[in-house]
Amino acid sequence: MFRPAFSAAQRRCFSVSAQQNSKVTVLGAAGGIGQPLSLLLKLNPRVTELALYDIRGGPGVAADISHVNTKSKVTGYSVGPEGLKAALEGAEIVLIPAGVPRKPGMTRDDLFNTNASIVRDLAKAAADHSPNANLLIISNPVNSTVPITAEVFKSKGVYNPKRLFGVTTLDVVRASRFISEIKGTDPANEEVTVVGGHSGVTIVPLLSQSNHPDITGETRDALVNRIQFGGDEVVQAKDGAGSATLSMAYAGSRMADSLLRAAQGEQGVTEPAFVESPLYKDQGCEFFSSRIELGPEGVKKIHPVGKINEYEEGLIAAALKDLAKNIAKGKEFVKSNP
Ligand code: NAI
């Protein structure tokens, strides 16, 4: 059964047949995330056209996935500006997992030098050829690559903050799984709001708002630490061969599906995402992840953080410091390297 960890309502919605044409584009489609992500999108009946682009191996992955007997059409595009243009034109959603992943000992910020220019260049192409698509940035450091994308779109006069999302879904996926391991429950019934950004201490799980506000003391500290640094477990276990790819593909496909459901009129679709947000703008954080209600125009409503305890206030204060620096670094990069 596809997506077993989804709620019954989500599964019901997922099984209805597609009602409109939805082209979804993946940039970086032949990578560790790109391949399983593209496969999951091929299984989604709401996707009618799947456009796969990579600087290596896009057409091969597309040929392979195109044999899966679901309705959508799959196309792999040739490398270069023309292929990229064709991949992007008409897209409703563009997912970007292009770039290098971490190796043991690296933070996400260590990827900045390589990934900043990759994301900047792909953002330029997206601004030119699919300015109205929902843009889902997976490439790390998300805390900086999202501001980079925003600056590129602004420079081309097409920025719409409602359409730009840093994908933080994996943090809530991990949080619900890890809390269920402690409590012996079904993770499908565990919702943990995670706010802030997408790296280390900027990832702030709000356990006081979960089903288990009773988790305190050392157990709480260890759980929060595991949610913040869960990605490191995968990086270490893969031992130099990359970071999370399969769980990330699942999370990315869930986020894309939520946007498609919202675009097709479903009400109350909510996902966390790192978006332009008023919540902590006055503290230097123009972007912040919180629960976002999605609609046909992208972001419909940014939920406030809500009632939190003193411990969580401390976590947010620590997160804001790093986050403000990460955001400024992204913006500065585009200014100095337009
Ligand atoms: P990977 O190295 O396996 O794949 C990256 C792919 O991007 C490669 O196929 C490469 O050819 C392609 N690529 C590079 N430059 C490109 C360009 N200019 N245009 C098109 N394609 C290009 O890496 P993996 O494991 O798939 O990770 C990708 C990114 O996702 C990394 O930055 C990683 O840190 C990030 N990530 C984000 C997560 C999140 O929660 N947001 C979770 C896990 C990883």
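Parameters and conventions
- Residues numbered from 1 in each chain as written.
- Predicted model: local features only at pLDDT ≥ 70, side-chain atom pairs only at ≥ 80, totals over all residues.
- UniProt positions renumbered as here; feature names shortened; annotations may be inferred.
- Helix = DSSP H or I, 4+ residues; strand = E, 2+ residues; numbered from the N terminus.
- Rg over C-alpha atoms; globule rule 2.2 N^0.38 Å.
- Buried ≥ 20, exposed ≤ 12 C-beta atoms within 10 Å, placed from the backbone.
- Contact = placed C-beta atoms within 7 Å.
- Near = placed C-beta within 6 Å.
- Domains from an automatic or database assignment.

The protein chain is annotated in an unreviewed UniProt entry as Malate dehydrogenase of Morchella conica CCBAS932. We quote the UniProt Sequence similarities (unreviewed entry) comment for the protein chain here in full: "Belongs to the LDH/MDH superfamily. MDH type 1 family." Under Subunit (unreviewed entry), UniProt gives the following word-for-word description of the protein chain: "Homodimer."

> Talk me through the overall build of the protein chain; I want residue IDs and the actual numbers.
Along the backbone of the protein chain there are eleven helices and eleven strands. Taking 20 Å as the expected radius of gyration for a compact globule of 338 residues, we find that the protein chain reaches 19 Å, a close match to that expectation. Counting only residues that meet the buried cut, the protein chain has 48% of its 338 residues in that class. Long-range contacts, defined as pairs at least 24 residues apart, comprise 70% of the intrachain contacts of the protein chain with a sequence gap of at least 6.

> For the site of the ligand, give the residues involved together with the corresponding values.
Surrounding the ligand, one finds 34 residues, the nearest of these being Gly28, Gly31, Gly32, Ile33 and Asn140. With four residues, helix α5 (residues 112-129) is the single largest residue contributor to the shell around the ligand. Residues from two domains meet in the shell around the ligand; each of domain 1 (8-166) and domain 2 (169-336) gives at least three.

> Describe the UniProt feature "domain: Lactate/malate dehydrogenase C-terminal" (unreviewed entry) in the protein chain, and please don't skip the residues or the numbers.
Those residues carrying the UniProt feature "domain: Lactate/malate dehydrogenase C-terminal" (unreviewed entry) are residues 168-334 in this numbering. Helix makes up 47% of residues 168-334 and strand makes up 16%, while its end C-alpha atoms are separated by 23 Å.

> An account of the domain arrangement of the protein chain is requested, with residue identities and associated values reported.
The domains assigned to the protein chain are domain 1 (8-166) and domain 2 (169-336). Averaged C-alpha coordinates put domain 1 and domain 2 at centres separated by 20 Å. Residue-level contacts link 48 residues of domain 1 with 44 residues of domain 2. Of all the secondary structure elements, the ones that give two or more residues to the side of domain 1 that touches domain 2 are α1 (8-15), α2 (34-42), β4 (93-96), α5, β5 (134-137), α6 (142-155) and β6 (164-166). By residue number, the principal contributor to the side of domain 1 that touches domain 2 is α6, which donates ten residues.

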